[in-house]
Amino acid sequence: KMENATLKAELGRSTWKLLHNVLARYPDHPTDTEKDSLKQFFNYFVQVYPCGDCAQHFQKLLDKFPPQVNSKQTAALWGCHIHNKVNERLQKPIYDCTGILNDYDCGCGGEGEGEGE
Ligand code: FAD
């Protein structure tokens, strides 16, 4: 089957949305288990991401810029910066990370409980 750039871009947009929302809901004061979970999440994510050349490039970025798991703030900023690294390579506009904590709202309500409202 031929590569389809539209579908690949659509997958990318959905994935970034998920990733930024995960980071926006990460705790301010994560436990060691929560820190480990986030690291492992990206470890496994890059191994299963279906766009092979994207995953290959992203693995190199992860090696160079490992996930910052010490707080919501550092994690969300890290996510924004690593997305900007991908933007840079694809010659897309660089995103302003200053408001990153307010930019992604999953609509899940509550505070870190993950329960819907
Ligand atoms: P996207 O980059 O998908 O971003 C979606 C929206 O998020 C933007 O419209 C903007 O509102 C917001 N946004 C933009 N930058 C940021 C940021 N830094 N922080 C927070 N929000 C932001 N495509 C390839 O062709 N080659 C690749 O190697 C490749 N690697 C990828 C690796 C990963 C891990 C992922 C998730 C995707 C990859 N993609 C790759 C897809 C690519 O990054 C885009 O998702 C796709 O090209 C669609 O781009 P877009 O212009 O719609 O915006």
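Note that the coordinates shown come from a computational prediction; the quantities given were computed from them, not determined experimentally.

## So, the overall build of the chain
Moving on, step 1. Counting its secondary structure elements, the chain contains five helices and zero strands.
Moving on, step 2. Traced from its N-terminal end to its C-terminal end, the chain shows the element sequence α-α-α-α-α.
Moving on, step 3. Computed over its C-alpha atoms, the radius of gyration of the chain comes to 15 Å, within 12% of the 13 Å expected for a compact globule of 117 residues.
Moving on, step 4. If one aligns the C-alpha atoms of the chain with their principal axes, the spans along those axes are about 45 × 30 × 30 Å.
Moving on, step 5. For the chain, the residues scored as buried account for 13% of the 117 residues in total.

## Re unusual backbone geometry
Moving on, step 1. Positive phi outside glycine occurs at Gln 91, with the angle close to 60 degrees.
Moving on, step 2. Structurally, Gln 91 is set in the loop between helix 4 (72–89) and helix 5 (100–103).
Moving on, step 3. Among the residues examined, Gln 91 registers 6 C-beta atoms within 10 Å and is labelled exposed.

## A look at the UniProt feature "domain: ERV/ALR sulfhydryl oxidase" (unreviewed entry) in the chain
Moving on, step 1. Mapped onto this numbering, the UniProt entry annotates "domain: ERV/ALR sulfhydryl oxidase" (unreviewed entry) at residues 4–104.
Moving on, step 2. Overall, residues 4–104 shows 71% helix and 0% strand. The separation of its end C-alpha atoms is 28 Å.

## Some thoughts on the site of the ligand
Moving on, step 1. Lining the immediate surroundings of the ligand are 19 residues, of which Ala 9, Gly 12, Cys 54, His 83 and Tyr 95 lie closest.
Moving on, step 2. At seven residues, the largest contribution of residues to the shell around the ligand is made by helix 1 (residues 5–24).
Moving on, step 3. Considering only residue class, the shell around the ligand consists of eight nonpolar, seven polar and four charged.

## Description of the environment of Ala 5
Moving on, step 1. In this structure, Ala 5 sits in helix 1.
Moving on, step 2. It is 31 Å that separates the C-alpha atoms of Ala 5 and Cys 108, two residues lying 103 residues apart in sequence.

## With respect to the nonpolar core
Moving on, step 1. The biggest cluster of nonpolar side chains holds 11 residues, and these are Leu 23, Tyr 26, Leu 38, Phe 42, Val 69, Ala 75, Ala 76, Trp 78, Cys 80, Ile 82 and Ile 100.
Moving on, step 2. Elements with a contribution of two residues or more to this core: helix 2 (32–48) and helix 4.
Moving on, step 3. In terms of residue count, helix 4 provides more of this core than any other element does, five residues in total.
Moving on, step 4. Discounting residues that sit within four places of it in the chain, Trp 78 has contacts with Phe 65, Pro 67 and Gln 68.

## Examining helix 4
At 3.6 residues per turn, the α-helix brings residues three or four places apart onto the same side.
Moving on, step 1. Taking 1.5 Å of rise per residue, the 18 residues of helix 4 would be expected to cover 26 Å, and the 26 Å separating its terminal C-alpha atoms lies within 8% of that figure.
Moving on, step 2. For helix 4, the set of buried residues is Ala 75, Ala 76, Trp 78, Gly 79, Cys 80, Ile 82 and His 83.
Moving on, step 3. Each element contacted by the buried residues of helix 4 is listed here: helix 1, helix 2, helix 3 (52–64) and helix 5.
Moving on, step 4. Gln 91 sits one or two residues past helix 4 and shows a positive phi near 60 degrees.

What counts as what
- Residues numbered from 1 in each chain as written.
- Predicted model: local features only at pLDDT ≥ 70, side-chain atom pairs only at ≥ 80, totals over all residues.
- Helix = DSSP H or I, 4+ residues; strand = E, 2+ residues; numbered from the N terminus.
- Rg over C-alpha atoms; globule rule 2.2 N^0.38 Å.
- Buried ≥ 20, exposed ≤ 12 C-beta atoms within 10 Å, placed from the backbone.
- UniProt positions renumbered as here; feature names shortened; annotations may be inferred.
- Near = placed C-beta within 6 Å.
- Nonpolar A, V, L, I, M, F, W, Y, C, P; charged D, E, K, R; others polar.
- Core = buried A, V, L, I, M, F, W, Y, C linked by C-beta atoms within 7 Å.
- Contact = placed C-beta atoms within 7 Å.
- Expected span 1.5 Å × (residues − 1).

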